[in-house]
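# A closer look at the structure
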Protein chains: 2
Amino acid sequence: MIKEITAKELNPERFVDEKVEEIRSAVGEGTVINALSGGVDSSTVTMLGHRALGKRLKTVFIENGLMREGEPERVTGLFGKLGVSVEVVDARKEFFAALKGIIDPEEKREAITQTFYARVFGRIVKDSGAKHLLQGTILTDVDETVAGIKRQHNVFEQLGIDPQKAFGYKIMEPLIQLRKDGVRKVGRALGLPAEVFERIPFPGPALSARVIGEATPERIETVRTATAVVERILAGTNAFQYLAILHEDRVTGVRSGKRDFGQQIEVRCWDSVDARAATPTRLSFDVLETLAREIILAVPGIVSVTYHIAPKPPSTIEAV
Amino acid sequence: MIKEITAKELNPERFVDEKVEEIRSAVGEGTVINALSGGVDSSTVTMLGHRALGKRLKTVFIENGLMREGEPERVTGLFGKLGVSVEVVDARKEFFAALKGIIDPEEKREAITQTFYARVFGRIVKDSGAKHLLQGTILTDVDETVAGIKRQHNVFEQLGIDPQKAFGYKIMEPLIQLRKDGVRKVGRALGLPAEVFERIPFPGPALSARVIGEATPERIETVRTATAVVERILAGTNAFQYLAILHEDRVTGVRSGKRDFGQQIEVRCWDSVDARAATPTRLSFDVLETLAREIILAVPGIVSVTYHIAPKPPSTIEAV
């Protein structure tokens, strides 16, 4: 049982000091490796590790082909300014090969987990000689995995998996007592710019969680373009999270007076404090119509756009 | 080329008089048969035929298993009050047998068309000895079929099909110069109660056009229940049309803290004059949230509800 630290009771400066000490004492003279995705959790844990270990923390950005538009450049640029050098590892072929033909959401997650930890990351860790992996798992990831709602790709111990045996390294998870609102406070305390710690959550399996059905390079490109439109238009809202989902169902459309049997994008935008419960943001119809129009203009093959109107529960924030 | 009569230039009383004469002179001493679905078009053409022919018009309601909740009772009751007796023909088994295993929208329409005209209706017409079929085809049906947007099940001549050769009877289409707004004026002039002529449009292939994928009895039952909720909640709006669509895609949901991999209902509600172009109705979020909540409560297996926000074109009013 993990003891939760609520955002309210959290003293972020003291939390950082304690975790820096814990990391140093666990690692000793060794080196540590971590994967930075650019999300709030992994950015915060990167800065925490950097404060504890300096250059003994090796941070990699794994380009899995499933990230948002311009993401590798954005992340390496931003952390470069903070004095943290990030190595980009191109693993697109390995991820798409692992995802080929898979339509079940859990099998997709499993394929990404295996490719990430056992293949790509296992190789990087081996080459680096690191004995520890630093990871930004938070309490909501654990809850959802244990409850069987979703398999979060970064939760092992709670599922009875020993990473040392399975992958050959130890996993450190200094944020595991926090939820999203707590992580943001810690990110702020570590000096991350607003651009990072205010970033909306993004799922571990990245854009593969944003396509219903097979995550092919073409379908990922479709949802990537739609995601860029949604993030641009909804950036001004104070919503907790917003996303685009590519459906597998085909719907009838019409272009230039002829039938155009096309695809549908579903937009979700959530109001939430900690992701455990959420309600759809009451966007204006001006914004909803702009979303529909610009997605249809920007994304080839899309003839229909919907907005998600059910709460969590019984829905979930992501669809896959 | 059919000459359009716009709602603006239409004189409904004179139109009715002319069409009554045309029907009488075409039919002579014979009998005519027509299928009443309960929608605006077929209700109006039933009253028109009844005015022209009295008891020589035989009106049947074909229970194809694809109609809305309580529809046979509603339609026969309502027309009974208007002095028109309607015979209900139970053909559910034939329709579901024809739809089995079919997922392509056009093949679904074709299966329904063939079952309706060639099998069920062909048999009824033969038994009745009628030489004419009276049908409520309108100009929008023709446009969309000719343009290849959708195959409307009641359009033959425009596709080069001779119903006399194909099915053994002649088809009369007295409303074919009108669009939906014109038909409503004619319905009013024929004394139909508001309940009928103000009814929102409903597609020819009925609820089979409201499920993406196979139209099984179970899936039709699911979308029938959702449709009842949507029609109840949106009855007070002045929208042109509103509908529920059952998706085939599965989405993640959560019930009682456990994952519930479920189904999604898409709600569409349209502002339109004549169905050629349409925009999503700007419903309030109170209404949207009520829709989501009540659909989830009423319909087993639904964990997610969306609202359609793209215009026609490039979308269409129905999804299938």
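Look up a bit, the structure's there.
Here's what I pulled together on the structure shown here. (Residues numbered from 1 in each chain as written. Chains lettered and ligands numbered in written order. Predicted model: local features only at pLDDT ≥ 70, side-chain atom pairs only at ≥ 80, totals over all residues. Heavy atoms only, no water.)

### Focus: the relation of the copies chain B and chain A
Applied cut-off: Each copy is superposed on the other by least squares, with the fit set by C-alpha atoms of residues at a pLDDT of at least 70 in both. Working rule for contacts: check all heavy atoms of both residues, and any pair within 4.5 Å makes them a contact.
Superposing chain B onto chain A requires a rotation of 180° together with a translation of 0.0 Å along the rotation axis, leaving an RMSD of 0.1 Å. The superposition of one copy onto the other is thereby described by a two-fold rotation axis. Taking C-alpha positions as reference, the residue of chain B nearest the rotation axis is Tyr307(B), located at 2.6 Å. Looking at chain B, 100% of its interface residues are interface residues in chain A too, so the copies touch through the same face.

### Here we look at unusual backbone geometry
Quick reminder of the rule: Runs of H or I in DSSP of at least four residues are treated as helices and runs of E of at least two as strands, each being numbered from the N terminus. Accessibility here uses a 1.4 Å probe with only protein chains present; expressed as a share of the type maximum, an area under 20% marks a residue as buried, one over 50% as exposed, and anything in between as partly exposed.
For the bond running from Lys312(B) to Pro313(B), omega is -15°, close enough to zero to count as cis. Note on placement: Pro313(B) falls in the segment after strand 11 (302–308). The omega angle of the peptide bond from Pro313(B) to Pro314(B) is 5°, so this bond is cis rather than trans. In this fold, Pro314(B) is placed in the segment after strand 11. Residue Ala206(A) is not a glycine yet carries a positive backbone phi of 55°. The topology assignment puts Ala206(A) in the loop between helix 9 (194–197) and helix 10 (217–234). Looking at Ala206(A), the relative accessible area reads 0%, which means it is buried.

### Re the sheet that holds strand 3 (residues 86–90) of chain B
All names here are of chain B. Our working rule: Pairing between strands is defined by DSSP: at least two bridges between them are needed. Axis lines are fitted to C-alpha atoms, over the contacting stretch for helices. Their N-to-C directions set the angle, which ranges from 0 to 180 degrees.
Spatially, 3-2-1-4-5 is the arrangement adopted by the 5 strands of the open sheet, whose pairing is parallel. One side of each edge strand has no neighbouring strand; the edge strands of this open sheet are strand 3 and strand 5 (170–172). Ignoring strand direction, the axes of neighbouring strands in this sheet form an average angle of 30°. Relative to strand 5, strand 4 (residues 132–134) is paired through 3 bridges, and the arrangement is parallel. Residue Leu 133 lies in a different strand from strand 5, and its bridge partner there is Ile 171. Running over the sheet, helix 3 (residues 71–81) touches strand 2 (57–63) and strand 3 and is turned about 160° from strand 2.

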